[in-house]
Amino acid sequence: MTCRIPAHVVLQSLAACHSRPALYLHSMKSTFTAVIKENSGWWLGWIEEVPGVNAQERTKDALLSSLREILGEALEFNRAEARQAAEDDYTEELVTV
């Protein structure tokens with residue numbers, strides 16, 4: 001029987017307003033859901049909310065660590081790409097779902 005074990009990955013991230021970053025620098029924690037499972041001696045995991053963030057490790061702890069690292073890199077890449085696409089004279093707004 002295969003079961004899905006939910007886990008939460010907490011990531012520290014920063015959001016800043018481009019036009020006045022010193023005033024709007026805000027530290028926030030984002031919580032994501034890791035879907036993980038053990039299969040033939042390997043731990044496999046995916047972040048539900050972010051396509052392409054997945055990992056495979058020998059231990060559960062190593063898997064969660066890898067997912068945190070990969071998720072952080074993916075979010076930073078997406079931030080940089082969005083800012084580059086906006087070019088200049090933009091603002092950033094926090095959006096809560």
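Higher on the page you've got the structure.
About the thresholds
- Residues numbered from 1 in each chain as written.
- Predicted model: local features only at pLDDT ≥ 70, side-chain atom pairs only at ≥ 80, totals over all residues.
- Heavy atoms only, no water.
- Helix = DSSP H or I, 4+ residues; strand = E, 2+ residues; numbered from the N terminus.
- Contact = heavy atoms within 4.5 Å.
- Pairing = 2+ DSSP bridges.
- Core = buried A, V, L, I, M, F, W, Y, C linked by side-chain atoms within 4.5 Å.
- Buried < 20%, exposed > 50% of the residue type's maximum accessible area, 1.4 Å probe, protein only.
- Salt bridge = Lys/Arg side-chain N within 4 Å of Asp/Glu carboxyl O.

The subject of this paragraph is the side chain of Ser 66. Within the secondary structure, Ser 66 sits in helix α2 (residues 60-86). Setting aside residues no more than four positions away along its own chain, Ser 66 makes contact with Ala 55 and Glu 57.

This brings us to the pairing of strand β3 (residues 42-47). Both β3 and strand β4 (residues 54-57) contribute to a ladder of 4 bridges, which runs antiparallel. If you follow Trp 43 over to β4, its bridge partner there is Glu 57. Linking β3 to β4, which pair antiparallel, is a turn of 6 residues; within it Gly 52 sits at a positive phi near 90 degrees.

In terms of nonpolar packing, the biggest core is built from 14 residues, with Ile 36, Ile 47, Val 53, Leu 67 and Leu 71 touching the most fellow members. Sorting the residues of this core by element identifies β2 (26-39), β3 and α2 as the ones contributing at least two each. Residues in contact with Val 53, not counting those within four places in the same chain, are Gly 45, Trp 46, Ile 47, Leu 67, Ile 70, Leu 71 and Ala 74.

With that settled, consider the pattern of salt bridges. The final tally for this structure, using the stated rule, is 2 salt bridges. With a shortest N-O distance of 3.3 Å, Glu 76 and Arg 79 are connected by a salt bridge. On the criterion of helical spacing, the pair formed by Glu 76 and Arg 79 is a turn pair, its members being 3 residues apart in helix α2. With relative accessibility at 42%, the residue Glu 76 sits in the partly exposed group. When its relative accessible area of 22% is taken as the criterion, Arg 79 is described as partly exposed. For Glu 92, the salt bridge is made with Arg 83, and the minimal N-O distance between the two is 2.8 Å. Judged by relative accessible area, which is 26%, Arg 83 ranks as partly exposed.

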